[in-house]
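Structural overview
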Amino acid sequence: LTLTPNDGFELKDENIQGIPANSVCNSGKLTYISTNKTYRYSIASLTEACEISAVFTKRRLKVLTEITVNGEGDAASAGTIAVKNGVDLTSVEYGSVVEFAVTAKVGYRINAIRGCEGTEVPGGSNHHTYLSYSTGAINQEECTVTAEFSKKEYTVTIKDDTGGKAQLLNEGLI
């Protein structure tokens with residue numbers, strides 16, 4: 001007997017269901033064949049009729065998150081990636097789409113978000129401090145959503161007044 005799961009499915013608990021304990025069909029051996037992703041259930045000697053039922057379930061996959069900082073800065077201080085709708089990232093159903101809220105902390109901006117064949121969700125004028133991100137359909141064993149942040153840069157311009165002179169100690173970008 002050969003058991004072949006459809007794309008995105010797997011044999012539940014890698015087990016054959018519905019075989020009575022005293023049945024000769026219960027003496028079979030289940031083997032996974034990785035080259036063609038099938039299972040083979042072999043019975044040495046079939047001496048009676050039996051019914052075998054295989055149960056297939058959707059595969060569960062893992063989605064990872066990562067924060068990077070372009071240039072100087074600490075990743076923990078730069079921003080956050082939060083999953084929306086309470087999805088468990090260690091057990092995402094095959095084919096699901098996962099949504100994230102990406103937020104830059106004070107003094108940082110969002111440079112880019114990428115991974116898991118996703119896209120930024122349009123909306124809002126604060127796209128450098130807050131973005132929504134949706135993955136594509138999750139179909140890999142493990143994929144990573146990466147948010148890249150960088151420190152904000154500010155230009156300070158000082159204008160002299162007629163009563164004195166003002167000067168920056170460190171000229172340039174702050």
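For clarity, every value in this text was computed on a predicted model and none was experimentally measured.

**Concerning the layout of surface pockets**
The volume enclosed by the largest pocket comes to roughly 250 Å³. Forming the walls of the largest pocket are Thr 4, Pro 5, Asn 6, Asp 7, Gly 8, Phe 9, Glu 10, Tyr 32, Lys 37, Tyr 39, Arg 59 and Glu 141. Counted by class, the lining of the largest pocket contains 4 nonpolar, 3 polar and 5 charged residues.

**What about the sheet that holds strand E6 (residues 60–69)?**
Strand order in the open sheet made by the 4 strands is E8-E6-E13-E10, with mixed pairing throughout. Each edge of the sheet is formed by a strand with only one pairing partner; in this case those strands are strand E8 (92–93) and strand E10 (108–114). As defined by bridge partners, E6 adjoins strand E13 (residues 142–151) across 8 bridges and the pair is classed as parallel. If you follow Thr 68 over to E13, its bridge partner there is Glu 148.

**Describing the side chain of Ser 150**
Relative to the helices and strands, Ser 150 resides in strand E13. Among the polar contacts made by the side chain of Ser 150, one reaches the side chain of Asn 111 at a distance of 3.0 Å. Not counting residues up to four positions away in its chain, the partners in contact with Ser 150 are Asn 70, Gly 107, Tyr 108, Arg 109 and Asn 111.

**A closer look at the confidence of the model for the chain**
Overall, the predicted model of the chain reaches an average pLDDT of 82, with 86% of residues at or above 70. When pLDDT is averaged over each element of the chain, E8 comes out on top at 96 and strand E2 (residues 9–17) at the bottom at 69.

**Some points on the nonpolar core**
Val 63, Phe 100, Ile 138 and Phe 149 are the most contacted members of the largest nonpolar core, which totals 23 residues. Looking at this core, the elements with two or more residues in it are E6, strand E9 (99–104), E10, strand E12 (130–134) and E13. A total of 4 residues in this core trace back to one element, the largest contributor, which is E13.

Basis of the calculations
- Residues numbered from 1 in each chain as written.
- Predicted model: local features only at pLDDT ≥ 70, side-chain atom pairs only at ≥ 80, totals over all residues.
- Heavy atoms only, no water.
- 1 Å grid on protein atoms, 1.4 Å probe; cavity = no way out; pocket = protein on both sides within 12 Å on 5 of 7 lines; lining within 4 Å.
- Points joined across faces, edges and corners; volume = space filled by probe spheres on them.
- Nonpolar A, V, L, I, M, F, W, Y, C, P; charged D, E, K, R; others polar.
- Pairing = 2+ DSSP bridges.
- Helix = DSSP H or I, 4+ residues; strand = E, 2+ residues; numbered from the N terminus.
- Polar contact = N/O pair within 3.5 Å; in protein donor to acceptor, adjacent residues only side chain to side chain.
- Contact = heavy atoms within 4.5 Å.
- pLDDT = per-residue confidence, 0-100.
- Core = buried A, V, L, I, M, F, W, Y, C linked by side-chain atoms within 4.5 Å.
- Buried < 20%, exposed > 50% of the residue type's maximum accessible area, 1.4 Å probe, protein only.

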